[in-house]
Amino acid sequence: MLYPRLIPSLLINSKKELVKTKVFKNQNYIGDPLNAAYIFSGFDADELFVLDIDASKNKKCISLDFVKSLSTFTKVPLTVGGGITNLNQINTILSLGVEKIALSNILSEDFNLLQKASNSYGASSITVVINSLRKDNGKVVGYFGRPRSSNISFPINDLTKKCQDNGAGELVINRVDIEGTKQGFDVDLMSSLNEKLSIPLVALGGCGKLKHIEDLISNTRISGIACGSF
């Protein structure tokens, strides 16, 4: 039996500070990301998910110098994202010792990049982050990039299947409306998606205690569990 990966989720801002948000709002400084990465690496985390949450907004790629430093501070696999928009950036980041790159915002403008990246570097190197939220009617929609009024959303089943069919090697499903709330994962959503898709899924958003992790893995054979606030 393959056990799910436990993945600390580290958010950095444009100043390369480690921050935490709640529902993607109100950045709070919580320390040095390189130090945090070193600590989690020492705790034998299965993987680290590091995302520059200001990069796309500022139309910049995550700092390559920072990524290089990050890879030297850790001994666990890294997934890195933030402002990645082309194959050259992907090639450079992967060459710095990163196992996977994460795409999101750019796919709302250039969805073809997903298939190009997968064909060039292999699906196993390409993670797609889908931000999702549950509407008042109970239906879940997904979209790419930061929450904003201009986001075009799609039924979550349609969007995840489209990403899988176009070369995503893994999907991180981030429930943005419960991000940082510590109220628990959306178990029903992850269980439903896991039944419909064949690629690995990582749940992100809502973890506040060990029972939330237990509830998730007892209801679905999910590939990864990412935690930020917790």
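Scroll up a little and you will see the structure.
Here goes a summary of the coordinates provided. Going along each chain's sequence as written, the residues are numbered from 1 onward. The predicted origin of the model limits local features to residues at a pLDDT of at least 70 and limits the giving and counting of side-chain atom pairs to 80 or more, whereas totals for whole chains, interfaces and linings rest on all residues. Note: side-chain values were computed over all heavy atoms of the structure, leaving out hydrogens and water.

## Comments concerning the overall build of the protein
Right, so step 1: The helix count covers DSSP runs of H or I at least four residues long, the strand count covers runs of E at least two residues long, and both are numbered beginning at the N terminus. Helix and strand counts for the protein stand at seven helices and 12 strands.
Right, so step 2: C-alpha atoms define the radius of gyration in this analysis, and the globule rule sets the expected value at 2.2 Å times the number of residues to the power 0.38. Rg of the C-alpha trace for the protein: 16 Å, near the compact-globule value of 17 Å for 230 residues, within the 12% margin.
Right, so step 3: Projected onto its principal axes, the C-alpha coordinates of the protein cover approximately 45 × 40 × 35 Å.
Right, so step 4: Using a 1.4 Å probe on the protein chains alone, a residue whose accessible area is under 20% of its type maximum counts as buried, one over 50% counts as exposed, and one in between counts as partly exposed. Put simply, the protein has 230 residues, and 53% of those count as buried.
Right, so step 5: To be clear on the numbers: accessible area is Shrake-Rupley with a 1.4 Å probe, and residue cover counts the displayed protein chains and nothing else. A total of about 11100 Å² of accessible surface is found on the protein, and carbon and sulfur atoms cover 49% of it.
Right, so step 6: His is not counted here, nor are the chain ends, while Lys and Arg score as positive and Asp and Glu score as negative. Each charge is placed at NZ for Lys, CZ for Arg, CG for Asp and CD for Glu. Side-chain charges of the protein comprise 26 positive and 22 negative groups, with the mean position of each set lying 4 Å from the other.

## Some points on the layout of surface pockets
Right, so step 1: Taken as a whole, the largest pocket spans an internal volume of roughly 600 Å³.
Right, so step 2: Residues are said to line a cavity or pocket when one of their atoms sits within 4 Å of a point; the points come from a 1 Å grid over protein atoms alone, cavities being sets where a 1.4 Å probe fits but cannot get out and pockets being open sets with protein on both sides within 12 Å along at least five of seven lines. Around the largest pocket, the lining is made up of 40 residues, and of these Leu51, Asp52, Ser104, Gly145 and Arg146 lie nearest the centre.
Right, so step 3: Elements with a minimum of two residues in the lining of the largest pocket: β1 (5-12), β4 (48-52), β6 (100-103), β7 (126-134) and β12 (224-227).
Right, so step 4: Sorting elements by how many residues they give to the lining of the largest pocket places β4 first, with three residues.
Right, so step 5: Grid points are joined across faces, edges and corners, and a volume is the space filled by probe spheres set on the points. Estimated volume of the second largest pocket: approximately 410 Å³.
Right, so step 6: Forming the boundary of the second largest pocket are 22 residues, of which Ile7, Pro8, Phe40, Cys227 and Phe230 lie nearest the centre.
Right, so step 7: Those elements giving two or more residues to the lining of the second largest pocket turn out to be β1, β2 (18-22), α7 (210-219) and β12.
Right, so step 8: With six residues, the top contributor of residues to the lining of the second largest pocket is β1.
Right, so step 9: The residue classification treats Ala, Val, Leu, Ile, Met, Phe, Trp, Tyr, Cys and Pro as nonpolar and Asp, Glu, Lys and Arg as charged. All others, Gly included, are polar. Its residues assigned to classes, the lining of the second largest pocket comprises 16 nonpolar, three polar and three charged.

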